[in-house]
Amino acid sequence: MKKVVTIAGSDSSGGAGIQADIKTMMAHGVYAMSAITALTAQNTTGVYDVLEATPEFVGEQMDCIFNDIRPDAVKIGMVSNIGIIEKIAEKLEEHGAENIVVDPVMVSTSGCALMSPDAQETLVKKLLPLADIITPNIPEAECLCGFEIKSTEDMVRAAEVIGKNLKGCVLIKGGHLTETADDLLYHQGELLWYRGERVDNPNTHGTGCTLSSAIASNLALGYDMKTSVKNAKDYITGALKDGLDLGKGSGPLNHAYRICPNSTDENPGEC
């Protein structure tokens, strides 16, 4: 069995963070592990409090994982302060981690800030250069490139700016644009568009966590980057089509839709 570790924050409502990551990984048939960077008090309406782990404890969790059940891929999500970012980067290099997927979680689906401004520079300098792929949405890509993204042309320009100093790929997710849901994969001058179907579903809590975990799972399973992204997009599109409706705000996805009776990506079944 292939193994994947998520290094991220916990979501008490189960729709995002390590809970979404683990559900996604299990749906892909890989063994899921976690190093928790923070506890959050949150639900579908917002993030109400955050209790961060110490950098030392995050490092100890990573040591325990890599020294015993070495992961075939790594997904990194919520990393909220400089110390945690520096410790994660240190441990990834120390253990020679492979197939690193970084979801630069800066703002939650509900609009709550999840990263201190002073940590963003450390993220860019220390962690993003280690990634095989980073997966910012439009607001996160705007933070990274320094200008507004209103069109697919802006997405291309942003990808070029963000990716110019990175060894890995940049996947800018277009779901926040009004006229398209297309995603752009950029790597060292090469552009690949993934034409996305806009699903009429307001419940998108944890979609970023889910997509990045699906990419990590596919990389662990041996798929190349382009195929891993395509497979991950197919998975999340199916999860959105499933139409789960929980909570008073932007609700979570049904990560288990593929293992429900008679379900397919095109026609999700009911559990």
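Definitions and limits used
Residues numbered from 1 in each chain as written. Predicted model: local features only at pLDDT ≥ 70, side-chain atom pairs only at ≥ 80, totals over all residues. Heavy atoms only, no water. 1 Å grid on protein atoms, 1.4 Å probe; cavity = no way out; pocket = protein on both sides within 12 Å on 5 of 7 lines; lining within 4 Å. Points joined across faces, edges and corners; volume = space filled by probe spheres on them. Nonpolar A, V, L, I, M, F, W, Y, C, P; charged D, E, K, R; others polar. Helix = DSSP H or I, 4+ residues; strand = E, 2+ residues; numbered from the N terminus. Polar contact = N/O pair within 3.5 Å; in protein donor to acceptor, adjacent residues only side chain to side chain. Pairing = 2+ DSSP bridges. Contact = heavy atoms within 4.5 Å. Axes fitted to C-alpha atoms, helices over the stretch in contact; angles between N-to-C directions. Core = buried A, V, L, I, M, F, W, Y, C linked by side-chain atoms within 4.5 Å. Buried < 20%, exposed > 50% of the residue type's maximum accessible area, 1.4 Å probe, protein only. Patch = residues over 30% accessible without salt bridge, like charges linked within 9 Å, V, L, I, M, F, W, Y side chains within 5 Å. Areas by Shrake-Rupley, 256 points an atom, 1.4 Å probe, with all protein chains shown as cover. Salt bridge = Lys/Arg side-chain N within 4 Å of Asp/Glu carboxyl O. Parallel < 35°, antiparallel > 145°, perpendicular 65-115°, else oblique. Left-handed = near helix turned anticlockwise from the far one by under 90°.

**Student:** Could you give me a rundown of the layout of surface pockets, with the residues and numbers involved?
**Tutor:** Using a probe with the size of a water molecule, rolled over the atoms, empty space left in the structure can be pinpointed. Here the second largest pocket is characterised by a volume of approximately 150 Å³. Surrounding the second largest pocket, V124, L128, L144, V161, I162, K164, N165 and L166 form its lining. Within the lining of the second largest pocket, the residues separate by chemical class into six nonpolar, one polar and one charged.

**Student:** Could you give an account of the side chain of N137, naming the residues involved and the relevant values?
**Tutor:** With respect to the secondary-structure elements, N137 resides in the loop between β6 (133-134) and α5 (138-145). Polar side-chain contacts of N137 include one of 2.9 Å to the backbone nitrogen of E140.

**Student:** Give a detailed account of the sheet that holds strand β7 (residues 169-172), specifying residues and quantitative values.
**Tutor:** The strand order across the open sheet built from nine strands is β3-β2-β1-β4-β5-β6-β7-β8-β9, with neighbouring strands paired in mixed fashion. This sheet does not close on itself; its edge strands, each paired only once, are β3 (46-52) and β9 (190-194). As defined by bridge partners, strand β4 (residues 73-76) adjoins strand β5 (residues 100-102) across three bridges and the pair is classed as parallel. Of the residues in β5, the one forming a bridge with V74 is I100. Sheet strands touched by helix α3 (residues 82-95): β1 (3-11), β2 (31-43), β4 and β5. Its angle to β4, the strand with the most contacts, is close to 170°.

**Student:** Explain the nonpolar core residue by residue, including any values.
**Tutor:** Ranked by internal contacts, the top residues of the largest apolar core, which has 45 residues, are I76, I88, L92 and L127. If sequence neighbours within four positions are ignored, I76 has contacts with I7, I88, L92, I100, V101, V102, D103 and L127. Grouped together as the second largest cluster of nonpolar side chains are 27 residues, I133, C169, V199 and A239 included.

**Student:** Quick one: what's the story with a nonpolar patch on the surface, residue by residue and with numbers?
**Tutor:** Taken together, M1, Y31 and I69 make up a surface patch of nonpolar side chains, about 330 Å² in accessible area. Along the chain, M1 falls in the segment before β1. The exposure class of M1 is exposed, given its relative accessible area of 72%.

**Student:** Summarise the packing of helix α1 (residues 17-27) against helix α7 (residues 207-220); cite the residues concerned and give the values.
**Tutor:** Packing of α1 against α7 brings their axes to within 9 Å, and their N-to-C directions diverge by 40°. By the angle between their axes, α1 is oblique relative to α7. For the pair α1 and α7, the sense of crossing is right-handed. For the pair formed by α1 and α7, the contact residues are G17, A20, D21, T24 and M25 on the first element and C209, T210, S213, A214 and S217 on the second. Of the residues assigned to the contact of α1 with α7, the class counts are four nonpolar, five polar and one charged.

Read these as layout, nothing more, since geometry by itself doesn't imply function.
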